[in-house]
Structures are given as C-alpha cells and as structure tokens.
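Notes for the structure review
Spelled out, the chains give:
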Amino acid sequence: MRKSLPFAALVLIGSATPLAWGQKDASVQSIEAYRAMLQDGNPAELFEAKGEGLWSQKRGPKNVSLEKCDLGKGPGVVKGAILELPRFFEDTGRVQDLESRLLTCMETLQGLDAKAIAETPFGRGEQNNVTALATWIAAESKGGRFNLPQTHPQERISFEVGKRLFFLRGGPHDFSCASCHGEDNKRIRLQDLPNLTKNPGDGVGFAAWPAYRVSNGQMWGMQQRMNDCFRQQRFPYPGFASDATIAIQTFLGVNSKGSASVAPAIKR
Ligand code: HEC
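This write-up is about the structure you can find in this document. (Residues numbered from 1 in each chain as written. Predicted model: local features only at pLDDT ≥ 70, side-chain atom pairs only at ≥ 80, totals over all residues.)

With respect to the overall build of the protein
Within the protein, the secondary structure is distributed over 11 helices and seven strands. Here the C-alpha atoms of the protein give a radius of gyration of 19 Å, agreeing with the 18 Å that 2.2 N^0.38 yields for 268 residues. Per-residue burial over the protein gives 33% buried out of 268 residues. Expressed as a percentage of contacts within the protein between residues at least 6 apart in sequence, the contacts between residues at least 24 apart total 67%. (Helix = DSSP H or I, 4+ residues; strand = E, 2+ residues; numbered from the N terminus. Rg over C-alpha atoms; globule rule 2.2 N^0.38 Å. Buried ≥ 20, exposed ≤ 12 C-beta atoms within 10 Å, placed from the backbone. Contact = placed C-beta atoms within 7 Å.)

Some remarks on the site of the ligand
What surrounds the ligand is a group of 23 residues, the closest being C177, C180, Q191, G205 and C229. Among the elements of the structure, α8 (177-181), β4 (191-193), α9 (201-205) and α10 (222-232) are those that each provide at least two residues to the shell around the ligand. Looking at which element gives the most residues to the shell around the ligand, the answer is α10, with five residues. Looking at side-chain class alone, the shell around the ligand contains 14 nonpolar, six polar and three charged residues. (Near = placed C-beta within 6 Å. Nonpolar A, V, L, I, M, F, W, Y, C, P; charged D, E, K, R; others polar.)

Details of helix α4 (residues 98-108)
Residue pairs three or four apart in sequence face the same way in an α-helix, which turns once every 3.6 residues. In terms of burial, α4 is largely enclosed, as eight of its 11 residues are buried. Here the buried face of α4 lies against β2 (94-96), α5 (114-119), α6 (125-139), α10 and α11 (243-255).

A few points about the sheet that holds strand β7 (residues 265-267)
Pairing is mixed across the open sheet formed by three strands, whose spatial order is β6-β5-β7. Single-partner strands in this sheet number two, and they are β6 (218-220) and β7. Ignoring strand direction, the axes of neighbouring strands in this sheet form an average angle of 30 degrees. Bridge analysis of strand β5 (residues 211-213) against β7 gives three bridges, and the strand direction is parallel. Residue pairing in the sheet places Y212 in a bridge with I266 of β7. (Pairing = 2+ DSSP bridges. Axes fitted to C-alpha atoms, helices over the stretch in contact; angles between N-to-C directions.)

Looking at unusual backbone geometry
Across the junction of L85 and P86, the peptide omega takes the value 0 degrees, indicating a cis bond. Its place among the elements puts P86 in the loop between α3 (44-56) and β1 (87-89). For the bond running from W209 to P210, omega is 5 degrees, close enough to zero to count as cis. For N63, which is not glycine, the phi torsion reads 50 degrees and is therefore positive. Its place among the elements puts N63 in the loop between α3 and β1. For N63, a count of 10 C-beta atoms within 10 Å puts it in the exposed group. The backbone of R234 shows a phi angle near 60 degrees, a positive value even though the residue is not glycine. The residue R234 is located in the loop between α10 and α11 in this model.

Structural measurements only, silent on function.
The structure is reproduced here in structure tokens:
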C-alpha cells in the first residue's frame, strides 16, 4: 500500500510542476527543502536497534551470536568495517561486501543456511535480519571515510570487473549503469542521479546505503539497491550477494575513497 505523501511533498508537487527547465534552481531548492524535512526523523534507527540486538543474540542451529564475526578488521570488530568493504577474505577466497560477509558468518558461526537466505526474497524472514544487521554495522561507522583496500589481486580484479559491468550496455533499452549514473546533474522524478564514476557522486550514492526509503517505507541494504537498479536497467535480477553485485560495489567503493559515510541515510 502506498503511504500518503508528507505535507512537504505535496507543497513540492504543487510548486514544481509548472516550472520550466530554465527555473531548475527553484525545483532543486524545493527538493532540498523536502529532503531537509525528511532528516528530522529517520526510521532507520529502529532497524539499527534491531540489528544491534541480533548481533549479540544467540541464534541458529548452533545457538551462537555473531560477536566473533570477522567483517575484515578482525573477529568482532564492527567499527570501521563497512568503510573497507568489499574486500578479500582468506577463509572464503572471495571478495565480499557487507551483506555477503554476514551470510558467511550466519552460516559458519550460527549454522544457518547462507544459500537459503540468499534465495529468500527481500523483506522476508532472515533477509530482514541481514538488512537490520547491515544497518546497525553501517551506523557504527557513520562519519568515517571510505578507504577500500586494493592490495590483493582479487580486489583489483573485482574493481576492474565492476567497472566493466558499470559501463556494460545491453537489454531492451541498451542501458548501462552509466546511462543513468555516468554524468553530472541528471535526475529522474524527485531523485538526483549521482554521477557514480567519481567523487562526490559516490560519496552521495554509495556512501548512503543501507538507507530508509520513504517512498515505500522500507529499509534497503546495498544489495537491494543494486537489485532494483538492475531492474531499472531492464537487466535480469542478479543473485543476492553474487560476485557481479559485489564487483560493482568495489568499483563504487574505491571511487568513494575519502568520502564520509552517511549511512544509514533516508531517501525519497
Ligand atoms: C534507467 C536509469 C537507471 C539505470 C540504468 C541504473 N539506475 Fe541506479 N538509480 C536510478 C534511479 C532512478 C535511482 C534513484 C532511486 C529511486 O528513487 O528509485 C537510482 C539510484 C541508485 C543508487 C543510489 C543513489 C543514491 O543517491 O543514493 C545507486 C548506488 C545506483 N543507483 C547504482 C546503480 C548501478 C550500479 C546501476 C547498474 C547496475 C544502476 N544504478 C543503473 C536509475 C538507474
């Protein structure tokens, strides 16, 4: 069900519709005012609290918490972890993003079935727990600056693959990610399309997820963001935590170097 629009959005629609292209500044200002009003209260806090609880809760067939989960900075270290993900992990032999790494920990520590969770639709069952955990973990690094490692050969390969995927055109409209996110000052509906090939575009786009989405009242992790953009691109849906979605994040994350994380953000 669609939520009723906040008052600010109605004002915005009323004032933005008759604007001509030349008056873009006014519409941009209205959007900024709308966004500022959104910042008043971010429901992401509820998901943060849930995620924090899940981290220390004994769960799964093994009845163990995630407190020994290694997110790249050593077992149990949460602060700063998201600022260096995706990165290479020796134990799995893979470059992993936050959500795929959570699946690894949920399986190895708690005995949950990572494949089954990956195949669960967004917004259901354990997927909701992954999102809440990712939201809390991201919040622990809010304000920190992105600094993805690029020392391991697999990390450099992941960047190159991600870059190629970002510019790969195909599908019924011959779109690539770059068609919508490769230039400055693009916008669809009320949403700016950050130029994700550089900073600050990635500092705005990549560095904001997980984010609470006002338009549908849902908390989305980066995997769901990627998934929905594959849809926008009219590509088949990618697998949850697939190497392709991770590689794109390596590309965006490396481009974000030095940007401050604002996750969990609140978005249209
Ligand atoms: C047809 C246009 C289109 C294509 C192609 C597209 N996106 Fe998007 N993207 C959007 C729109 C529109 C949004 C804003 C989300 C919304 O409001 O629905 C968005 C949002 C995003 C964001 C979040 C930006 C922010 O401000 O937080 C990221 C990151 C992103 N896209 C990445 C990608 C990647 C990676 C690809 C290629 C796999 C891609 N997009 C392909 C239209 C597109």
